Amino acid sequence: MSDLFSVLKEKVTGKEIKIVLPEGTDERILEAAARLAEEGILTPVLIGNKQDIEKKAAELNVKLDGAEIKDPNQFEGFEEMVQAFVERRKGKATEEQAREILKDENYFGTMLVYSGQAHGLVSGAAHSTADTVRPALQIIKTKQGVKKTSGVFIMVRGDEKYVFADCAINISPDAQDLAEIAVESANTAKMFDIDPRVAMLSFSTKGSAKSPETEKVSEAVNVAKELAPNLVLDGEFQFDAAFVPSVAEKKAPDSVIKGDANVFVFPSLEAGNIGYKIAQRLGNFDAVGPILQGLNMPVNDLSRGCSADDVYKLALITAGQTVQ
Ligand SMILES: CC(C)(COP(=O)(O)OP(=O)(O)OC[C@H]1O[C@@H](n2cnc3c(N)ncnc32)[C@H](O)[C@@H]1OP(=O)(O)O)[C@@H](O)C(=O)NCCC(=O)NCCS
Ligand SMILES: CC(=O)OP(=O)(O)O
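Residues numbered from 1 in each chain as written. Chains lettered and ligands numbered in written order. Predicted model: local features only at pLDDT ≥ 70, side-chain atom pairs only at ≥ 80, totals over all residues. Heavy atoms only, no water.

**Q** Report on the UniProt feature "domain: Phosphate acetyl/butaryl transferase" (unreviewed entry) in the protein chain, specifying residues and quantitative values.
**A** In this numbering, the UniProt entry assigns the feature "domain: Phosphate acetyl/butaryl transferase" (unreviewed entry) to residues 6-319. Secondary structure within residues 6-319 divides into 45% helix and 18% strand; the distance between the first and last C-alpha atoms comes to 13 Å. (UniProt positions renumbered as here; feature names shortened; annotations may be inferred. Helix = DSSP H or I, 4+ residues; strand = E, 2+ residues; numbered from the N terminus.)

Take a look at the structure:
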């Protein structure tokens, strides 16, 4: 993984990429912004009151040379942004509502990306996922051919790398959603040099239990195979049948997945979000993400439990998504 970040640094340095960090006074954001600017990798665009941000940076003894600061309350292009927002929301917000909404740093920052004044956004160190991603869902929207955005983590421990999905967005995905999440997650895996072998997870392996929940996953397997016939994918699997070869031999001997899956699609957000945090906190995996898939422009969320290093890495990944 350290290789990945070296490769990403090389790929994005000198491309004049601007990444918006709306949480301008958060300690971890400031430390990451200073590091990104100092290393000349990209231009962090911090959102908030300039004096507040500079005061906090001075307290932390971090230098913001090379970073930009934009304050929605002092922004010259604010009225133009209001018009663009009203137009994008197509009758869902009046001008008056837009003026209020755009004072929110996540909405303001997302509009900077949408209008081409920055290339991507990373937020969520101090905001819930819902408040971080809602502006992106409403303004940036999904790219053609993708119905739903979803959020994956790259789980890293030493040389081990896995993709966990969806850990961030879709609370109760249906079979169609799960199939799309699987295909998108396999594409994301390739960005991290993972040759995808996708397991659709359940509490049942190949019909060992029958319920609407297990049938949803087995239907998702069929839909995903139609969407991406060349993808190595199977299910439904319990985690051990997907991950442990000796268990796979007993529970699913005829499957193309032989306990060697590396992309895990969870059946619900409950399972995905709980699952990644258990691997992170009990299993000592680094959890990089959530990386949002399927948006027109890169916007990525952080966990509120993140470190400055997590912010730095996710900003690099976001910059990498802009030059793909
Ligand atoms: C993502 C989430 C915030 C969306 O909820 P919401 O704002 O109530 O969604 P709404 O149904 O009102 O939709 C708002 C807009 O987003 C769009 N949207 C909602 N879910 C979407 C998805 N998965 N992909 C793409 N667009 C989506 C809707 O189409 C709608 O667009 P429109 O206003 O242009 O018509 C919600 O599903 C959620 O809270 N998910 C869980 C987040 C979380 O806490 N995760 C755990 C921690 S990581
Ligand atoms: C991804 C995630 O779970 O975010 P948070 O911890 O901020 O809720």
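Don't stop here, the text continues.
**Q** Account for the site of ligand 1, with residues named and values stated.
**A** Of all residues adjacent to ligand 1, which total 19 residues, the nearest are Arg89, Lys92, Arg134, Thr149 and Ala168. Within the side chain of Lys141, an N or O atom sits 3.0 Å from an oxygen atom of ligand 1. Between ligand 1 and Thr149, the relevant distance is 2.8 Å, taken from a nitrogen atom to a main-chain nitrogen or oxygen of the residue. Listed by contribution, the elements that provide at least two residues to the shell around ligand 1 are helix 7 (129-140) and helix 12 (269-281). (Near = heavy atom within 4 Å. Polar contact = N/O pair within 3.5 Å; in protein donor to acceptor, adjacent residues only side chain to side chain.)

**Q** Which residues make up the pairing of strand 7 (residues 197-201), and what are the values?
**A** Each regular strand displays side chains that alternate between the two surfaces of the sheet. Counting buried residues along strand 7, 4 of its 5 residues qualify, which places the element largely inside the surrounding structure. Pairing of strand 7 with strand 8 (residues 232-237) involves 5 bridges; the strand directions are parallel. Looking at strand 8, one finds that Arg197 is bridged to Val232. A crossover connection joins strand 7 to the parallel strand 8 through helix 9 (residues 212-227); in handedness this β-α-β unit is right-handed. Bridge count between strand 7 and strand 9 (residues 263-265): 3 bridges; the pairing is parallel. Each bridged residue has a counterpart across the sheet, and for Val198 the counterpart in strand 9 is Val263. (Buried < 20%, exposed > 50% of the residue type's maximum accessible area, 1.4 Å probe, protein only. Pairing = 2+ DSSP bridges. Right-handed = clockwise from strand over helix to strand, strands pointing away.)

**Q** Could you give an account of the sheet that holds strand 2 (residues 43-47), naming the residues involved and the relevant values?
**A** In space, the 5 strands of this open sheet follow the order 3-2-1-4-11, with parallel pairing throughout. Each end of this open sheet is capped by a strand with a single partner; those strands are strand 3 (68-70) and strand 11 (299-301). If you compare each strand with its neighbour and ignore which way they point, the axes differ by 25° on average. By the bridge criterion, 2 bridges tie strand 1 (residues 18-21) to strand 4 (residues 120-123) in an arrangement that is parallel. Directly across from Ile19, in strand 4, lies its bridge partner Gly120. (Axes fitted to C-alpha atoms, helices over the stretch in contact; angles between N-to-C directions.)

**Q** Break down the confidence of the model for the protein chain for me, citing the residues and quoting the values.
**A** Per-residue confidence for the protein chain averages 96 on the pLDDT scale, and 99% of its residues sit at or above 70. Here the complex is predicted with pTM 0.93, and the ipTM for its interfaces comes to 0.97. (pLDDT = per-residue confidence, 0-100.)

**Q** Lay out the sheet that holds strand 7 with the relevant residues and their values.
**A** Read across the sheet, 6 strands follow the order 8-7-9-6-5-10 without closing on themselves; strand pairing throughout is mixed. Since the sheet does not close on itself, it has two edges, and those belong to strand 8 and strand 10 (286-293), each with one partner. Across the sheet, the mean angle separating the axes of adjacent strands is 20° when strand polarity is ignored. Where strand 5 (residues 150-157) and strand 6 (residues 160-165) come together, 5 bridges link them in antiparallel fashion. Note on strand 6: the bridge partner recorded for Met155 is Tyr162. Helix 12 rests against strand 5, strand 6 and strand 10 of the sheet, and its axis sits at about 20° to strand 5. (Contact = heavy atoms within 4.5 Å.)

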